[in-house]
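Understanding the architecture of this molecule
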Amino acid sequence: MDAPEVAHPPAPAECYADQATGLLEDLAPVGSTVQLVADSGQPDRDRYDRLLRYVDHDDVDVAHELLARGAARRYEAAQDLAREDSYSAAADDAQEADRGLWGTC
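Reference entry: report on the structure contained in this document. In this text the structure is predicted, and so the values were computed from the model without any measurement.

1. Notes on the overall build of the chain
A count of helical and extended segments in the chain gives 4 helices and 3 strands. In terms of overall size, the chain behaves like a compact globule, its C-alpha atoms giving a radius of gyration of 14 Å where 105 residues would be expected to give roughly 13 Å. Here the chain holds 105 residues, and the buried ones make up 29% of them. Sequence separation of at least 24 residues holds for 55% of the intrachain contacts in the chain that already meet a minimum separation of 6. Accessible area of the chain: about 7,000 Å², with a carbon and sulfur share of 48%.

Structural data, given as structure tokens:
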């Protein structure tokens, strides 16, 4: 998933970054408990040594919701992800409906 970047001065925030951040805070509020789920078919970390996990909160797949609401784009990866089909469908539906960043940016 590729969400718009918030401001990192001197670079300004990308289009829809504030809305995407707000939605993320609604889906997984600061201080709440989330479940980090590994994809057994994928490496544990990416090339930048970042931990690769799905994030679920209250039985909601946070990335899927961000994609479905147009607050993020699919990150084109060469790997087959366990949740790729549902992520692709959610992102495609959001783009076709001009939801979120698709209708704003």
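2. Quick look at the packing of aromatic side chains
In this structure the tally under the stated criterion is 1 aromatic pair. Centre to centre, the rings of Y54 and Y87 are 6.0 Å apart; their planes meet at 80°, and the pair counts as edge-to-face. Taken together, the positions of Y54 in strand β2 (residues 54-57) and Y87 in helix α3 (residues 84-96) put the pair 33 residues apart, joining distant regions of the chain. Y54 sits in the buried class, given a relative accessible area of 11%. Here the guanidinium or amino end of R73 rests over the ring plane of W102, the centre of that ring lying 5.4 Å away.

3. Quick look at the state of the cysteines
Enumeration according to the criterion identifies 1 disulfide in this entry. Through a disulfide, C15 is tied to C105; the S-S separation comes to 2.0 Å. Taking the sign of the torsion about the S-S bond as the criterion, the disulfide between C15 and C105, at about -90°, is left-handed. In this pair, C15 sits in the segment before α1 (17-27) while C105 sits in the segment after α4 (101-104), placing the two residues 90 residues apart along the sequence. For C105, a relative accessible area of 46% translates into the label partly exposed.

4. Re a nonpolar patch on the surface
A surface patch of nonpolar side chains, amounting to about 250 Å² of accessible area, comprises V34, L36 and L51. Structurally, the position occupied by L36 is in strand β1 (residues 35-37).

5. Quick look at the environment of D46
Mapped onto the elements, D46 comes out in the loop between β1 and β2. Residue classification places D46 among the buried residues on the basis of a relative accessible area of 18%. A polar side-chain atom of D46 sits 2.6 Å from a polar atom in the side chain of R50.

6. Observations regarding α1
The set of residues buried in α1 consists of A17, A20, L23 and L27. Down the axis of α1, the buried set is contained in an arc of 125°. They therefore lie on one face. Along α1, the residues that are exposed and aim more than 90 degrees away from the buried face are D18 and D26. Lining the buried residues of α1 we find β2 and α2 (62-68).

What counts as what
- Residues numbered from 1 in each chain as written.
- Predicted model: local features only at pLDDT ≥ 70, side-chain atom pairs only at ≥ 80, totals over all residues.
- Heavy atoms only, no water.
- Helix = DSSP H or I, 4+ residues; strand = E, 2+ residues; numbered from the N terminus.
- Rg over C-alpha atoms; globule rule 2.2 N^0.38 Å.
- Buried < 20%, exposed > 50% of the residue type's maximum accessible area, 1.4 Å probe, protein only.
- Contact = heavy atoms within 4.5 Å.
- Areas by Shrake-Rupley, 256 points an atom, 1.4 Å probe, with all protein chains shown as cover.
- Phe/Tyr/Trp six-rings, centres within 6.5 Å; stacked < 30°, edge-to-face > 60°.
- Lys NZ or Arg CZ within 6 Å of the ring centre and 35° of its normal.
- Disulfide = S-S within 2.5 Å.
- Patch = residues over 30% accessible without salt bridge, like charges linked within 9 Å, V, L, I, M, F, W, Y side chains within 5 Å.
- Salt bridge = Lys/Arg side-chain N within 4 Å of Asp/Glu carboxyl O.
- Polar contact = N/O pair within 3.5 Å; in protein donor to acceptor, adjacent residues only side chain to side chain.
- Arc of directions from axis to C-beta.

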